[in-house]
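Observations on chain architecture
Each chain, written out:
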Amino acid sequence: MSDAIFSRLAIVGIGLIGSSIARAARQNGLVDEIAIADLSPVILERAEELGLGDSYHASAGDAAESADLVIACVPVGAAEAVAKAIAPHLKPGAIVSDVGSVKGSVVRQMRPHLPDNVQFIPAHPVAGTEYSGPDAGFAELFVNRWSILCPDEATDVRALDRLVAFWAGMGANVECMSAERHDLVLAITSHLPHLIAYNIVGTAADLEKVTESEVMKFSAGGFRDFTRIAASDPTMWRDVFLHNRDAVLEVLGRFQEDLFALQRQIRWGEGDKLYDLFTRTRTIRRGILTLGQDAPEADFGRAHRPVPKAPSE
Ligand code: NAP
């Protein structure tokens, strides 16, 4: 008998996150069978070449047929389309979940279309990279990263336990919170930083007094760390901002106020205030390292090449 938590897993959308789940679920023996669906025939073909699943489907409904767990791994704006497509095919008692970076909107888009005899438990693994597509995924993506689940009062405890075990089996730490709380927390920890990165890289690109080659050449001064975030998938992030509008606007308002305060402190030479803030922010970085959420190596662990030796005479 297999020790798998789910017999058939259906993954709808086999990009970075979907393919990472497929790899991690397989590697850790969490499922017996993986059915994969994707809108794009090219991506589906690539998933098959990579051997990510056991069956490949152009229709999300076909993949969801007789699945015990269906996970929508699509951009947040496509959540409703997936719910509509899978709903008539779901078997009673199946668990439906997702991985979207926004939760309130996903609940509003999916819940009305799902039958009452399935368990809908939204999820968000707080793990990712700036790359997209099935080649970008890897089995270790979720190891020691948080996965947030958003059950509600109606969620069956046994279904929740199975989904928690599934994420824990892929190496994730699991925390439960409401969809509203999730959206506010992620607005400050993820969505705002992405917006700042997109903005700062855009500003640099528009600066007329500094040439583009100078921006590239001297990027190690801090700019390049923003460019990694600003290289994230445009469709995904457009959807995040449109679907978490209220929480993002709320934290953006706070951010703008604080930015004005900083502007004032610089203008009036209030070095002590700047120093105090920079000391507090350093503590936050140290807290993240203590919690094991980043590597402690200097400069994000980038390899620094030794200075080349002068040619011997
Ligand atoms: P991705 O690499 O772009 O993959 C998404 C895949 O879903 C694409 O192959 C896309 O096909 C397909 N798709 C779109 N609509 C579909 C539909 N209606 N039915 C079936 N397939 C569909 O994206 P990702 O980075 O894995 O992100 C997926 C989700 O995970 C997003 O909701 C995102 O918010 C969340 N997330 C992402 C990260 C991250 O760092 N990337 C981290 C945590 C959570 P096309 O390309 O043809 O549209």
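Everything here concerns the structure above.
Report follows, based on the coordinates. (Residues numbered from 1 in each chain as written. Predicted model: local features only at pLDDT ≥ 70, side-chain atom pairs only at ≥ 80, totals over all residues. Heavy atoms only, no water.)

Glancing now at the sheet that holds strand S8 (residues 146-149). One open sheet holds the 3 strands; their spatial order is S7-S8-S9, and the pairing between them is mixed. Two strands lie at the open edges of the sheet, namely strand S7 (123-125) and strand S9 (173-176), each paired on one side alone. When strand polarity is set aside, the average angle formed by the axes of neighbouring strands in this sheet is 20°. Its contacts with the sheet place helix H6 (residues 157-169) against S7, S8 and S9, and it is angled at close to 165° to S8. (Pairing = 2+ DSSP bridges. Helix = DSSP H or I, 4+ residues; strand = E, 2+ residues; numbered from the N terminus. Axes fitted to C-alpha atoms, helices over the stretch in contact; angles between N-to-C directions. Contact = heavy atoms within 4.5 Å.)

With respect to spatial proximity, 26 residues lie near the ligand, and among them Ile-17, Asp-38, Val-74, Ser-101 and Gly-133 are the closest. Note that an oxygen atom of the ligand is positioned 2.8 Å from one of the backbone N or O atoms of Ile-17. Within the backbone of Val-74, one N or O atom sits 2.6 Å away from an oxygen atom of the ligand. If the ligand stood free it would expose 900 Å²; the protein chains cover 83% of that surface. (Near = heavy atom within 4 Å. Polar contact = N/O pair within 3.5 Å; in protein donor to acceptor, adjacent residues only side chain to side chain. Areas by Shrake-Rupley, 256 points an atom, 1.4 Å probe, with all protein chains shown as cover.)

A few words now on the sheet that holds strand S4 (residues 69-72). What the 6 strands build is an open sheet, ordered S3-S2-S1-S4-S5-S6; its pairing is parallel. What marks the edges here is a single partner per strand, and that holds for strand S3 (55-57) and strand S6 (119-120). Pairing of strand S2 (residues 31-37) with S3 involves 3 bridges; the strand directions are parallel. Opposite Ala-37, over in S3, you have His-57 as the bridge partner. The strands touched by helix H1 (residues 16-27) are strand S1 (6-12), S2 and S4; relative to S1, the strand with the most contacts, the crossing angle is about 165°. Along the sheet, helix H2 (residues 41-49) contacts S2 and S3; its crossing angle with S3, the most-contacted strand, is approximately 175°.

What follows deals with the side chain of Glu-130. Position of Glu-130 relative to the elements: it lies in the loop between S7 and S8. A distance of 3.2 Å separates a polar atom in the side chain of Glu-130 from a polar atom in the side chain of Arg-228. Setting aside residues no more than four positions away along its own chain, Glu-130 makes contact with Arg-228, Ala-231 and Ser-232.

The buried fraction of S1 amounts to 6 of the 7 residues, a majority that puts the element mostly inside the structure. Here S1 runs beside S2; their pairing, made up of 6 bridges, is parallel. Paired with Phe-6 across the strands is Val-31, a residue of S2. Across 4 bridges, S1 lies against S4 in parallel orientation. For Val-12, the partnering residue across the bridge sits in S4 and is Ala-72. (Buried < 20%, exposed > 50% of the residue type's maximum accessible area, 1.4 Å probe, protein only.)

The subject of this paragraph is the packing of helix H7 (residues 179-206) against helix H9 (residues 223-230). Running from amino to carboxyl end, H7 crosses H9 at an angle of 115°, the nearest separation of the two axes being 8 Å. Of the two elements, H7 crosses H9, and the hand of that crossing is left-handed. Residues Pro-193, His-194, Ile-196, Ala-197, Tyr-198, Ile-200, Val-201 and Ala-204 of H7 touch H9, and the partners they reach there are Phe-223, Phe-226, Thr-227, Ile-229 and Ala-230. Among the residues making up the contact of H7 with H9, the classes are represented as 11 nonpolar, 2 polar and no charged. (Left-handed = near helix turned anticlockwise from the far one by under 90°. Nonpolar A, V, L, I, M, F, W, Y, C, P; charged D, E, K, R; others polar.)

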